[in-house]
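The chain contents come next:
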Amino acid sequence: MSKLLEITTLGQLKKTEYRSRSVKDELRANLIAQLQKSEGGFEGIIGFEDTVIPDLQTAILSRHNILLLGLRGQAKTRIARLLVNLLDEYVPYIEGSELFDDPLAPISWFGHNEVLAKGDATPIAWLHRSDRYTEKLATPDVTVADLIGDVDPIKAATMKLTYSDERVIHFGLIPRAHRGIFVINELPDLQARIQVSLFNILQERDIQIRGFKLRLPLDIQFVFTANPEDYTNRGSIVTPLKDRIESQILTHYPRSVEISRKITQQEALLSPEQKISVEADGLVKNMVEQIAFEARNSEYIDKKSGVSARLTISAYENLISNAERRMIINRETSTFVRISDFLGVIPAITGKIELVYEGELEGPAKVANMLIGKAIKTMLLQYFPDPEKAKKAKAPNPYAEIIAWFSNGNNLSLVDDLSLVDYKKGLNSVTGLKDLVKKMHPRLSENQQLLLMEFVLHGLAEFSQLSKGFLDNGFAFSDMFNSLFNLEPDDDDDLDMNDDRY
């Protein structure tokens with residue numbers, strides 16, 4: 001490759017073994033080489049190994065234009081950007097050509113004229129694959145001129161040319177993506193008349209500007225992304241255009257907490273200091289993912305809009321930052337994520353869920369709290385016995401001592417900024433709590449033990465064995481029955497959002 005980059009004229013290029021090939025042939029050949037070496041190829045894409053990636057590879061081998069169809073936050077754009085890695089590292093083009101004409105097969109007036117006038121002395125340059133990717137977000141204000149081009153009257157007047165002359169055209173994004181990958185994100189948002197303008201480019205490779213038909217055999221790999229038609233109210237993909245896109249590939253959300261967790265851990269932007277000073281146990285990492293799974297099944301959230309993977313990434317970043325904030329306030333050198341830190345996750349949830357009518361009535365903050373509660377309830381059963389079954393079973397209830405402590409009039413407040421000493425003191429004051437955790441999970445560090453102790457209290461509250469009230473900056477646990485007869489605003493178990501900071 002280094003020797004090729006030293007070539008500066010068309011004559012020198014002809015003496016090499018270089019042969020022109022289309023973008024789709026490039027992608028196909030490089031994918032075949034990759035598959036033969038058993039290489040991954042789509043770095044950072046997790047959970048699609050047996051579904052989306054094989055479909056994508058099949059489409060590339062078939063030299064198809066591709067439509068990635070899926071809900072938001074399903075890595076559609078990332079997949080499109082990774083296709084660049086399947087292009088040749090460098091390709092030659094006629095120096096000065098705005099369409100990056102292939103020296104051996106020019107398509108523009110400039111390219112043809114250069115080769116005709118200079119022959120083998122035609123100067124060439126080399127284009128890196130990273131410069132062969134063009135992306136456009138479809139919005140209702142996108143015009144045909146933006147995508148395809150328009151006549152430049154000033155150029156026509158200056159050069160004294162007619163409007164039908166190719167040289168007066170100012171080319172749009174698509175012609176300038178010649179010999180590369182062109183991506184249109186959110187295709188349904190493109191007005192129908194603009195979508196129609198793509199017909200000929202995809203099929204016959206003609207472009208029409210101001211009524212002048214121009215034959216430009218553009219060489220482009222098109223990739224489109226879209227949400228399912230039944231979700232977007234803003235528009236849809238016109239049927240003839242969909243017919244011209246040869247492969248439609250469906251994406252999906254992670255199918256397990258484990259895969260979802262891998263994605264979050266890969267994408268979360270944490271500083272080196274946060275990674276060192278804030279400990280995050282597997283329990284809290286899984287809980288973050290469980291929130292998204294609960295959201296995707298919630299009756300309050302619009303399933304057609306989806307719940308993006310960005311929710312868990314933002315939530316995890318907030319979780320770590322909330323613990324870090326407490327550590328800084330208390331002048332501690334290290335800390336660990338607590339269940340009470342999930343209050344800090346609520347702002348990351350509320351902006352990323354689209355509520356149905358019933359959800360709007362409840363309010364986004366209340367729905368977010370419910371999702372966290374459901375995640376705690378689901379996760380508790382993986383670590384401890386089911387409190388409801390334990391209550392009905394003939395065997396001694398493992399939670400009896402804890403519930404009795406609260407029944408005796410005791411209560412416990414766990415606020416955001418509680419120092420480690422006070423946090424530990426408060427949890428240890430609850431009779432039977434530490435013994436239960438040690439019995440069920442004997443080999444834990446002190447931090448993990450404290451985390452599970454708090455987790456049990458939240459879990460019992462979700463199973464209606466304890467009352468959990470929302471304070472301005474934390475939670476207050478008390479006896480379930482006493483709280484029913486002595487309702488204070490902060491102890492109101494119906495999660496009235498007027499009574500807390502959200």
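Data block above holds the structure.
Described in the following lines is the structure provided in the data block. Since the structure is predicted, the reported quantities are computational estimates derived from the model, not experimental observations.

1. Things to note about the overall build of the protein chain
From N to C terminus, the protein chain includes 25 helices and 16 strands. A globule of 502 residues ought to have a C-alpha radius of gyration of about 23 Å, yet the protein chain, at 30 Å, is considerably larger. Put simply, of all contacts in the protein chain between residues at least 6 apart along the chain, 74% involve residues at least 24 apart. With an accessible surface of roughly 23600 Å², the protein chain has 50% of that area assigned to carbon and sulfur atoms.

2. Some words on helix H3 (residues 23-36)
Look at H3: 20 Å from first C-alpha to last across 14 residues, which is about the 20 Å you get at 1.5 Å a residue. Turning to H3, its buried residues number three or more, namely Val23, Lys24, Glu26, Leu27, Leu31 and Gln34. Buried residues in H3, looked at end-on, bunch into an arc of 155 degrees, giving them a common side. Looking at the buried positions of H3, the neighbouring elements they touch are helix H4 (52-61), strand E2 (90-94), strand E7 (180-185) and strand E10 (220-226). Once H3 ends, the next one or two residues include serine 38, with phi positive near 55 degrees.

3. What to know about the nonpolar core
One finds Ile402 and Phe455 to be the most contacted residues of the largest nonpolar core, which totals 69 residues. Considering each element in turn, this core owes the most residues, nine residues, to helix H24 (residues 446-462). Those residues in contact with phenylalanine 455 that lie beyond four places of it in its chain are Leu283, Met287, Ile339, Ile376, Met379, Leu380, Tyr383 and Phe384. In terms of nonpolar packing, the next biggest core, distinct from the first, is built from 38 residues, Val142, Val168, Leu187 and Leu190 among them.

4. Let's talk about the sheet that holds strand E14 (residues 412-415)
Spatially, three strands are ordered E14-E16-E15 in an open sheet, and the strand pairing comes out antiparallel. The sheet terminates laterally at E14 and strand E15 (466-471), the two strands that pair on one side only. Averaged over all pairs of adjacent strands, the angle between their axes in this sheet comes to 20 degrees, without regard to strand direction. Pairing analysis gives four bridges linking E14 to strand E16 (residues 474-479), with the strands arranged antiparallel. Bridge pairing in E16 links leucine 412 to phenylalanine 477. This element, H24, spans E14, E15 and E16 of the sheet and lies at about 105 degrees to E15.

5. Regarding the packing of aromatic side chains
Per the stated rule, a full pass over the model turns up seven aromatic pairs. An aromatic cluster is built from Phe182, Phe222 and Phe224, whose rings are joined through pairwise contacts. Sitting over the face of the ring of phenylalanine 199, arginine 244 holds its NZ or CZ atom 4.6 Å from the ring centroid. Across the ring face of tyrosine 253, the terminal group of arginine 296 is positioned such that the distance to the ring centre comes to 4.1 Å.

6. Quick look at the layout of surface pockets
Taken as a whole, the largest pocket spans an internal volume of roughly 630 Å³. Considering the residues around the largest pocket, the lining is formed by 26 residues, among which Gly73, Gln74, Ala75, Lys76 and Arg310 are closest to the centre. Broken down by secondary-structure element, the contributors of at least two residues to the lining of the largest pocket are helix H5 (76-82), helix H13 (257-267) and helix H16 (309-329). A class-by-class count of the residues in the lining of the largest pocket yields ten nonpolar, nine polar and seven charged.

7. Description of the pattern of salt bridges
Pairing is possible between side chains of opposite charge, provided their charged atoms come close. Under the defined criterion, the tally for this structure stands at 14 salt bridges. Across the pair aspartate 417 and arginine 325 runs a salt bridge, and its minimum N-O distance is 2.9 Å. Note that aspartate 417 is positioned in the loop between E14 and helix H22 (420-428) and arginine 325 in helix H16, a separation of 92 residues in sequence. Look at arginine 325 and you get partly exposed, because its relative accessible area is 40%. Glutamate 462 is the salt-bridge partner of lysine 468, the closest N and O atoms lying 3.4 Å from each other.

Thresholds applied
- Residues numbered from 1 in each chain as written.
- Predicted model: local features only at pLDDT ≥ 70, side-chain atom pairs only at ≥ 80, totals over all residues.
- Heavy atoms only, no water.
- Helix = DSSP H or I, 4+ residues; strand = E, 2+ residues; numbered from the N terminus.
- Rg over C-alpha atoms; globule rule 2.2 N^0.38 Å.
- Contact = heavy atoms within 4.5 Å.
- Areas by Shrake-Rupley, 256 points an atom, 1.4 Å probe, with all protein chains shown as cover.
- Expected span 1.5 Å × (residues − 1).
- Buried < 20%, exposed > 50% of the residue type's maximum accessible area, 1.4 Å probe, protein only.
- Arc of directions from axis to C-beta.
- Core = buried A, V, L, I, M, F, W, Y, C linked by side-chain atoms within 4.5 Å.
- Pairing = 2+ DSSP bridges.
- Axes fitted to C-alpha atoms, helices over the stretch in contact; angles between N-to-C directions.
- Phe/Tyr/Trp six-rings, centres within 6.5 Å; stacked < 30°, edge-to-face > 60°.
- Lys NZ or Arg CZ within 6 Å of the ring centre and 35° of its normal.
- 1 Å grid on protein atoms, 1.4 Å probe; cavity = no way out; pocket = protein on both sides within 12 Å on 5 of 7 lines; lining within 4 Å.
- Points joined across faces, edges and corners; volume = space filled by probe spheres on them.
- Nonpolar A, V, L, I, M, F, W, Y, C, P; charged D, E, K, R; others polar.
- Salt bridge = Lys/Arg side-chain N within 4 Å of Asp/Glu carboxyl O.

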